[in-house]
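# Reading the structure
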Amino acid sequence: ATGTMIFNSTTGLMEYYSGNNWIPIDAPPSVTSVNNTNILESQITAGFDLVITGALFKTGATVKFVGNDGTEYASPTVAVNTENQITARLPTSVTNANEPFDVKVTNISGLSNTLSDAFNVNAKPAWSTNAGNLATIADNATGTHATVGATDPESDAITYSGTVGGGMSVNSSTGAITGDPTDV
């Protein structure tokens, strides 16, 4: 009969009968934070698990990462660790192109909550210098022998480093390889 209540042992929720369907009685989860707000592209490629904290998470909950253009990326694996913590894998399709990302948790009752602008993706720099031999340097040469270059998709400063030895060095801010090589 309409208004009849039961406990659904499969979902762990009370339900009432609307006259047509059984409707679960539940409160929406709350999503308060994530363990990393600036995730590296390389971490995502390697299989990054985001730890989500909040309240009222239920077994069977799903997680979606929502890009700033509204695109939703479903987590391929979700573990409800406790009522206050979920671990969800970021799919490799999540990139810096749609950041910042919201985190949306939906319980099995269909009720959900979203943490807006939860994280960004820090993409790796793009090299403008080709790999391979940069220059042939004579033992009596001086000055700048080659310059390596890269750009960062988020416009972050790039720091160059490397070992060249023999009286030579790499400028950490410009990528210039300079010096007076040890005469051999």
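Here goes a summary of the coordinates provided. (Residues numbered from 1 in each chain as written. Predicted model: local features only at pLDDT ≥ 70, side-chain atom pairs only at ≥ 80, totals over all residues. Heavy atoms only, no water.)

Glancing now at the nonpolar core. Counting residues in hydrophobic clusters, the biggest one holds 23 residues, and the most contacted among them are Leu-50, Ile-52, Phe-65, Leu-90, Val-103 and Phe-119. Listing elements by their share of this core, those giving two or more residues are strand E4 (30-34), strand E6 (49-55), strand E7 (62-66), strand E10 (85-89), strand E11 (101-106) and strand E12 (112-122). Among the elements that line this core, the one with the most residues is E12, at four residues. Other than its neighbours up to four places away in sequence, Val-103 contacts Val-31, Val-34, Leu-50, Ile-52, Val-63, Lys-64, Phe-65, Asn-113, Thr-114, Leu-115, Ala-118 and Phe-119. (Core = buried A, V, L, I, M, F, W, Y, C linked by side-chain atoms within 4.5 Å. Buried < 20%, exposed > 50% of the residue type's maximum accessible area, 1.4 Å probe, protein only. Helix = DSSP H or I, 4+ residues; strand = E, 2+ residues; numbered from the N terminus. Contact = heavy atoms within 4.5 Å.)

Summed over all chains, the structure comprises four salt bridges. The salt bridge involving Lys-58 is made with Asp-26; its shortest N-O contact spans 3.1 Å. Of this pair, Lys-58 sits in the loop between E6 and E7 while Asp-26 sits in the loop between strand E3 (22-25) and E4; the two residues are 32 residues apart in sequence, bridging distant segments of the chain. Lys-58 gets classed as partly exposed once you look at its relative accessible area, which sits at 22%. Linked by salt bridges that have partners in common, Lys-64, Glu-72 and Lys-104 make up one network. (Salt bridge = Lys/Arg side-chain N within 4 Å of Asp/Glu carboxyl O.)

As a further point, take the sheet that holds strand E5 (residues 38-40). For sheets, the rule is that strands pair by backbone hydrogen bonds, running either parallel or antiparallel. Taken in spatial order, the five strands line up as E5-E12-E11-E7-E8 in an open sheet, and their pairing is mixed. The sheet is open, and its two edges are formed by E5 and strand E8 (72-74), each paired on a single side. Here the strands of the sheet are splayed against their neighbours by 35° on average, with no regard to which way each runs. (Pairing = 2+ DSSP bridges. Axes fitted to C-alpha atoms, helices over the stretch in contact; angles between N-to-C directions.)

Its location among the elements puts Ala-55 in strand E6. It is 7.6 Å that separates the C-alpha atoms of Ala-55 and Gln-85, two residues lying 30 residues apart in sequence. Not counting residues within four places of it along the chain, the set of residues in contact with Ala-55 comprises Pro-29, Ser-30, Glu-83 and Asn-84.

Locating Asn-8 in the fold gives a position in strand E1 (residues 5-8). Residues Asn-8 and Pro-24 lie 16 residues apart in sequence; the distance between their C-alpha atoms is 8.5 Å. Side chain to side chain, Asn-8 and Glu-15 meet in a polar contact 2.9 Å long. (Polar contact = N/O pair within 3.5 Å; in protein donor to acceptor, adjacent residues only side chain to side chain.)

This part takes up the sheet that holds E1. Ordered in space as E1-E2-E3, the three strands form an open sheet in which the pairing is antiparallel. The sheet is open, and its two edges are formed by E1 and E3, each paired on a single side. Going from strand to strand, the sheet's axes swing by 35° on average, the running direction of each strand aside. As defined by bridge partners, E1 adjoins strand E2 (residues 13-17) across four bridges and the pair is classed as antiparallel. Pairing of Ile-6 across the sheet is with Glu-15, part of E2.

Turning to a nonpolar patch on the surface, a few remarks are in order. A grouping of Met-5, Phe-7, Met-14, Tyr-16 and Ile-25 is seen on the molecular surface, where their side chains present a nonpolar patch of about 480 Å² in accessible area. Elements with a minimum of two residues in the nonpolar patch: E1 and E2. Mapped onto the secondary structure, Phe-7 falls in strand E1. For Phe-7, a relative accessible area of 54% gives the class exposed. (Patch = residues over 30% accessible without salt bridge, like charges linked within 9 Å, V, L, I, M, F, W, Y side chains within 5 Å. Areas by Shrake-Rupley, 256 points an atom, 1.4 Å probe, with all protein chains shown as cover.)

Turning to the pairing of E3, a few remarks are in order. Pairing analysis gives four bridges linking E2 to E3, with the strands arranged antiparallel. The residue of E3 that forms the bridge with Met-14 is Ile-25. In this structure, the hairpin formed by E2 and E3 is closed by a connection of four residues, where Gly-19 is found at a positive phi of approximately 110°.

Among the structural elements, Ser-109 can be located in the loop between E11 and E12. Separated by 2.9 Å, the side chains of Ser-109 and Asp-26 make a polar contact. For Ser-109, the side chain forms a polar contact with the main-chain nitrogen of Leu-111, separated by 3.4 Å. The contact partners of Ser-109, leaving out residues within four places of it in the chain, are Leu-13, Pro-24 and Asp-26.

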